[in-house]
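# Coordinate analysis (summary)
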Amino acid sequence: MIIIAGLGNPGPKYEKNRHNIGFMAADEISRRWSFGPERAKFQSVIREGEVETPKGRVKVLLMKPQTYMNESGRAVGEAARFYKVPPGDVIVFHDEIDLAPGRFRMKTGGGAAGQNGVRSLISQLGADFRRARLGVGHPGRPELVHGYVLGDFHKADQPWVDALLGACADALPFALAGDDDRYQAEVMRLAPAPKFSPRQAAQDAARGA
């Protein structure tokens, strides 16, 4: 079994926040691969399904923790212990402010880089789970980050958001087969996005204002 966890905050207040793009990815994966009905378990909304991959069919537990972002690790850790799933078979989709909007990177291990959901997961699983990092851009100054990630995507963002989420779902068999490099390349092929440093671009814009 592979556990896929999309990170976000529960409730309609947060539904369209940048911080909730992990939830959005989980929803798109569920839709694309016709997962089973939602139910409550492991302090989460879960769905179960199977996906055909280059290495055969893989069973997937899809989770949206309902613990709020900062306690995501409690929910995912509970599920991983129950099913005896090692960290390398846990894939976590989350927002990444240090990637340009629409960019995508896979990473295994490392620190939290200020992402509190990832920090919570590290405390429960150790660092060696797989991170599917969904770029949302950076507001330019550290004091603006909290309000930025808890703000909604703008209408103008929707085309790249939809493209990125669709690509993550369509290319998923590569990730489930353990080929993260191929998965990352295929997502970016299906949903190309410009390469630049969102932090630097925001700072340059602020200086020019």
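Check the entry above for the structure.
This structure is a prediction, so every number in the text was calculated from the model and none was measured.

A count of helices and strands for the protein gives 8 helices and 7 strands. Whereas a compact globule of 209 residues would reach a radius of gyration of roughly 17 Å, the protein reaches 16 Å, a difference of no more than 12%. Along the longest, intermediate and shortest principal axes, the C-alpha atoms of the protein span 50 × 35 × 30 Å. Sequence-distant contacts in the protein: of pairs separated by 6 or more residues, those separated by 24 or more amount to 68%. Entry remark: accessible area of the protein is about 9600 Å², with carbon and sulfur atoms responsible for 51%.

As a further point, take the pairing of strand β1 (residues 2-6). Note on strand geometry: in a regular strand, side chains alternate between the two faces of the sheet. Counted residue by residue, β1 has 5 buried out of 5 residues, so it is predominantly covered. Along β1, one buried face is formed by Ile-2, Ile-4 and Gly-6 and the opposite face, lined by Ile-3 and Ala-5, is buried too. In this sheet, strand β4 (residues 56-65) lies alongside β1 in parallel orientation, the contact comprising 4 bridges. Paired with Ile-4 across the two strands is Leu-62, which belongs to β4. Where β1 and strand β5 (residues 90-96) come together, 4 bridges link them in parallel fashion. From the neighbouring strand, Ile-3 faces β5, where its bridge partner is Val-90.

This part is about the environment of Ala-75. Within the secondary structure, Ala-75 sits in helix α2 (residues 72-83). A C-alpha to C-alpha distance of 9.3 Å links Ala-75 and Gln-124, two positions 49 residues apart in sequence. Each residue touching Ala-75, except ones within four places of it in the same chain, is listed here: Phe-42, Gln-43, Ser-44, Met-63, Pro-65 and Thr-67.

Here is what the cut-offs are and how they apply
- Residues numbered from 1 in each chain as written.
- Predicted model: local features only at pLDDT ≥ 70, side-chain atom pairs only at ≥ 80, totals over all residues.
- Heavy atoms only, no water.
- Helix = DSSP H or I, 4+ residues; strand = E, 2+ residues; numbered from the N terminus.
- Rg over C-alpha atoms; globule rule 2.2 N^0.38 Å.
- Contact = heavy atoms within 4.5 Å.
- Areas by Shrake-Rupley, 256 points an atom, 1.4 Å probe, with all protein chains shown as cover.
- Buried < 20%, exposed > 50% of the residue type's maximum accessible area, 1.4 Å probe, protein only.
- Pairing = 2+ DSSP bridges.

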